[in-house]
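Given next are the chains, with one letter for each unit.
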Amino acid sequence: MSYHSDLVSPYTWANRAVVAAVCLGGLAAACGVPQDRREAFTVAVEAQEARSFERSAAASARYLKGATPDDPRYDRALMLLGRSCEQLELGYAASVLFREVAMGRRNMELLPDALRGLARIVDSGVYDDDLIVSGYVAGTEFTAMPDDVQGFISYYQGRDSIRHGFDEWGENQFDRIPVESAYHWRSIYVYAVRAVARD
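These numbers were taken from a predicted model, which means no experiment stands behind them. (Residues numbered from 1 in each chain as written. Predicted model: local features only at pLDDT ≥ 70, side-chain atom pairs only at ≥ 80, totals over all residues. Heavy atoms only, no water.)

Draft legend 1. Spotlight on the overall build of the protein chain. Counting its secondary structure elements, the protein chain contains ten helices and zero strands. Taken from the N to the C terminus, the helices and strands of the protein chain come in the order α-α-α-α-α-α-α-α-α-α. Taking all 199 residues of the protein chain together, the buried fraction comes to 47%. Considering only contacts within the protein chain whose residues lie at least 6 apart along the sequence, 56% involve residues at least 24 apart. Carbon together with sulfur atoms contributes 53% to the accessible area of the protein chain, which is approximately 10200 Å² in total. (Helix = DSSP H or I, 4+ residues; strand = E, 2+ residues; numbered from the N terminus. Buried < 20%, exposed > 50% of the residue type's maximum accessible area, 1.4 Å probe, protein only. Contact = heavy atoms within 4.5 Å. Areas by Shrake-Rupley, 256 points an atom, 1.4 Å probe, with all protein chains shown as cover.)

Draft legend 2. Region of the structure containing the pattern of salt bridges. This model, assessed by the stated rule, comprises twelve salt bridges. The salt bridge involving Asp75 is made with Arg106; its shortest N-O contact spans 2.7 Å. A residue pair is termed long-range when its members are at least 10 positions apart, and Asp75 in helix H5 (residues 74–87) and Arg106 in the loop between helix H6 (91–104) and helix H7 (111–124) qualify at 31 residues. Among the residues examined, Asp75 registers a relative accessible area of 5% and is labelled buried. Arg194 is the partner of Asp167 in a salt bridge, and the nearest nitrogen-oxygen pair spans 3.4 Å. With Asp167 in helix H9 (residues 167–175) and Arg194 in helix H10 (residues 182–198), the pair connects residues that are 27 residues apart, well separated along the chain. You'll find Asp167 and Arg194 in the same group, each marked buried. Residues participating in the shared-partner salt-bridge network are Asp167, Glu171, Arg194 and Arg198. (Salt bridge = Lys/Arg side-chain N within 4 Å of Asp/Glu carboxyl O.)

Draft legend 3. Structural context of the environment of Glu171. By the element assignment, Glu171 lies in helix H9. When near neighbours in sequence (up to four residues on either side) are disregarded, Glu171 contacts Ile162, Tyr191 and Arg194.

Draft legend 4. Focus on the packing of aromatic side chains. Summed over the entire model, instances satisfying the criterion amount to nine aromatic pairs. Aromatic pair Phe174 and Tyr191: ring centres 5.4 Å apart, planes at 85°, arrangement edge-to-face. Placement of the pair is Phe174 in helix H9 and Tyr191 in helix H10, with a sequence separation of 17 residues. Given a relative accessible area of 4%, Phe174 falls into the buried group. What links up through ring pairs into an aromatic cluster is the set Phe152, Tyr155, Tyr156, Phe174, Tyr183 and Tyr191. The aromatic ring of Tyr63 is capped on one face by Arg37, whose charged end is 4.4 Å from the ring centroid. (Phe/Tyr/Trp six-rings, centres within 6.5 Å; stacked < 30°, edge-to-face > 60°. Lys NZ or Arg CZ within 6 Å of the ring centre and 35° of its normal.)

This is how it looks when you write it as structure tokens:
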């Protein structure tokens, strides 16, 4: 699967993910989601807390219908929809939504959670590298992230740098990975593979 950033914007992909989630069996009507957007947002939160992900997705999508990125709850609704999609095993849709929140940086409070969502999807092994790693994480600067998020970021930035022959920069990124992080051991593996390849 490939993401063509020059052809379609992340906002368009996020909208398509919303449509896909709503189309999942006519969820909005079947789940009894209110027409009022504010009520729909409340239902989305409550449904997610109750682990009713179909209803949460439908309510989030209802809230987002007609919303714009300057809406104060826009990114929160995207996160609700992303988590619901992830739980419904719609990983690609979830990754598009998490990436949209992270790239937009409209609500910095949500950035670590959006990156955690991307990390979970990457760790699942089924993800679009062009969308998440090569097309976003590897080439974006992040500051003051929690240790779990920093491990994810530094590992994929370092790995990408080493793949492109920038060993020193990659090593600097690997040095930023907390020792407690699972990504620390992945970086050690990259060093081992590189050493074998050089011999």
